[in-house]
Each structure stands twice: as C-alpha cells, then as structure tokens.
Amino acid sequence: MGFLEDASELCDCHGIRSHKKFKKIKQLQTVEIKIKMDCEGCERRVKKSVEGMKGVTQVEVEPKQSKLTVIGYVDPDKVLERVRHRTGKKAEFWPYVPYDVVPHPYAPGAYDKKAPPGYVRNVLEDPEASALARASSFEVKYTTAFSDENPTACVVM
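Keep in mind the model is a prediction, meaning the values are calculated, not measured.

A.B. asks: Provide a residue-level description of the layout of surface pockets, including the pertinent values.
C.D. replies: If you add up the space inside the largest pocket, you get close to 320 Å³. Lining the largest pocket are 15 residues, and of these Lys-34, Ile-35, Lys-36, Ser-66 and Glu-92 sit closest to its centre. When its residues are assigned to classes, the lining of the largest pocket shows 4 nonpolar, 2 polar and 9 charged.

See the structure below:
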C-alpha cells in the first residue's frame, strides 16, 4: 500500500508479486531400521514400502540381520512411520553398533543376545544403558543388589 510496494509492482516484469517460500533442503542421509522379516514376501513388502517415497535413492534389505537401509534425501522419522504403516510390523531405528566402537562391549547394558554377530547395543546414544556399560560388573552387581534390598544402603565404589 505504500510507495515502495507500488514501485516494486511497476518494476516486476510478471505483474504478480512473487513470494517464494524457502524450503529446508534435506541432506543425504542413511537411515537404518530394525524390522523382522521371516520370508521373501516380508522382505519384498518392506522394500516396496519405502521404494516409492520421495527422495529415496537406494534401498537395501538384509533379512538375516533384520535390517533395512534407506539412502536418500529423506526424514528418518517419516521413513520409520511409513515402514510401520505400510507393513504393519514393529519397526525401530537400528539400535546396534560394531562392538569395537563401545568402550565396554560386554557390560550388562551394552551386550544383547539378539544382536547380530559383531554388534552390541548403542550405549553411546542411550543414556540409561550407558551408565551400566561404563561401570564394572562388580559395581553393577553390588549396587543393584544393595539398592533392591534396602534403598538406604547403597554402596558405590
């Protein structure tokens, strides 16, 4: 309504004010998801659930590890929700890392019997499990035993 707006309309060659909305540019990401696949049909269904997503460039399925890897310009949360919705299966982000990345891979919080060979739970991102993974087994054994029996007699060494 002011002078500057009128002048900008005269200079604009389209005659219409162009207000571009700036989109947030997504970065290339690798999303790893843990999802149980029993047969080739499950494997195919899981793969097809994310192949058609906008921004997906590559999809890899590893049924022996129950792992789905999606590479592309995508939002990890949206990929996880789409897999859950389209397949009807329980899915979660890949909770494992190679065992040589964790300081104490066989501590009670890190070691997981269900993990694929060479992998342990990612205690670096899980604060609840990381306290146990850094403590020695002696501390974990005796602090939990004393705190369960008598909450006031907790021994920390």
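There's plenty left to go through after this.
A.B. asks: Let's hear about the sheet that holds strand β3 (residues 67-72): which residues, and what values?
C.D. replies: In space, the 4 strands of this open sheet follow the order β2-β3-β1-β4, with antiparallel pairing throughout. If you trace the sheet from one side to the other, it starts and ends with β2 (56-62) and β4 (91-93), each paired once. Averaged over all pairs of adjacent strands, the angle between their axes in this sheet comes to 25°, without regard to strand direction. Across 3 bridges, the pairing between strand β1 (residues 29-35) and β4 is antiparallel. Directly across from Lys-34, in β4, lies its bridge partner Glu-92. Those strands touched by helix α2 (residues 40-51) are β1, β2 and β3, and its axis lies near 165° from that of β2.

A.B. asks: Describe the pairing of β1, with residues and values.
C.D. replies: Pairing analysis gives 6 bridges linking β1 to β3, with the strands arranged antiparallel. If you follow Lys-34 over to β3, its bridge partner there is Lys-67.

A.B. asks: Break down the pattern of salt bridges for me, citing the residues and quoting the values.
C.D. replies: Counting across every chain of the model gives 3 salt bridges. A salt bridge links Glu-92 to Lys-34; its shortest N-O distance comes to 3.8 Å. In this pair, Glu-92 is assigned in strand β4 and Lys-34 in strand β1, connecting sequence segments 58 residues apart. Assessed through its relative accessible area of 21%, Lys-34 is described here as partly exposed.

A.B. asks: Help me get a handle on a nonpolar patch on the surface, residues and values and all.
C.D. replies: Residues Tyr-99, Tyr-106 and Tyr-111 make up a contiguous nonpolar surface patch of about 380 Å² in total accessible area. Assignment of secondary structure puts Tyr-99 in the loop between β5 (96-98) and β6 (119-121). Tyr-99 gets classed as partly exposed once you look at its relative accessible area, which sits at 42%.

A.B. asks: Account for unusual backbone geometry, with residues named and values stated.
C.D. replies: The general pattern is negative phi for most residues beyond glycine and trans for most peptide bonds. One non-glycine residue, Ser-66, lies in the positive phi region at around 55°. Looking at the element boundaries, Ser-66 is found in the loop between β2 and β3.

A.B. asks: If you had to explain the nonpolar core to someone new, which residues and values would you point to?
C.D. replies: Counting 18 residues, the largest nonpolar core has Ile-33, Ile-35, Val-50, Leu-68, Val-70, Val-79 and Val-83 as its most contacted members. When contributions to this core are tallied by element, the ones reaching two or more residues are β1, α2, β2, β3 and α3 (76-87). Ile-35 has contacts with Val-46, Ser-66, Lys-67, Leu-68, Val-83, Thr-87, Lys-89, Lys-90 and Ala-91, leaving out every residue within four places of it along the chain. Ranked by size, the runner-up nonpolar core spans 5 residues in total, among them Val-97, Val-102, Ala-110 and Val-120.

A.B. asks: Explain the confidence of the model for the protein to me, using residue names and the numbers behind them.
C.D. replies: Per-residue confidence for the protein gives a mean pLDDT of 77; residues scoring 70 or more make up 64%. When mean pLDDT is compared element by element in the protein, β3 scores highest at 96, while helix α5 (residues 137-149) scores lowest at 50.

Parameters and conventions
- Residues numbered from 1 in each chain as written.
- Predicted model: local features only at pLDDT ≥ 70, side-chain atom pairs only at ≥ 80, totals over all residues.
- Heavy atoms only, no water.
- 1 Å grid on protein atoms, 1.4 Å probe; cavity = no way out; pocket = protein on both sides within 12 Å on 5 of 7 lines; lining within 4 Å.
- Points joined across faces, edges and corners; volume = space filled by probe spheres on them.
- Nonpolar A, V, L, I, M, F, W, Y, C, P; charged D, E, K, R; others polar.
- Pairing = 2+ DSSP bridges.
- Helix = DSSP H or I, 4+ residues; strand = E, 2+ residues; numbered from the N terminus.
- Axes fitted to C-alpha atoms, helices over the stretch in contact; angles between N-to-C directions.
- Contact = heavy atoms within 4.5 Å.
- Salt bridge = Lys/Arg side-chain N within 4 Å of Asp/Glu carboxyl O.
- Buried < 20%, exposed > 50% of the residue type's maximum accessible area, 1.4 Å probe, protein only.
- Patch = residues over 30% accessible without salt bridge, like charges linked within 9 Å, V, L, I, M, F, W, Y side chains within 5 Å.
- Areas by Shrake-Rupley, 256 points an atom, 1.4 Å probe, with all protein chains shown as cover.
- Core = buried A, V, L, I, M, F, W, Y, C linked by side-chain atoms within 4.5 Å.
- pLDDT = per-residue confidence, 0-100.

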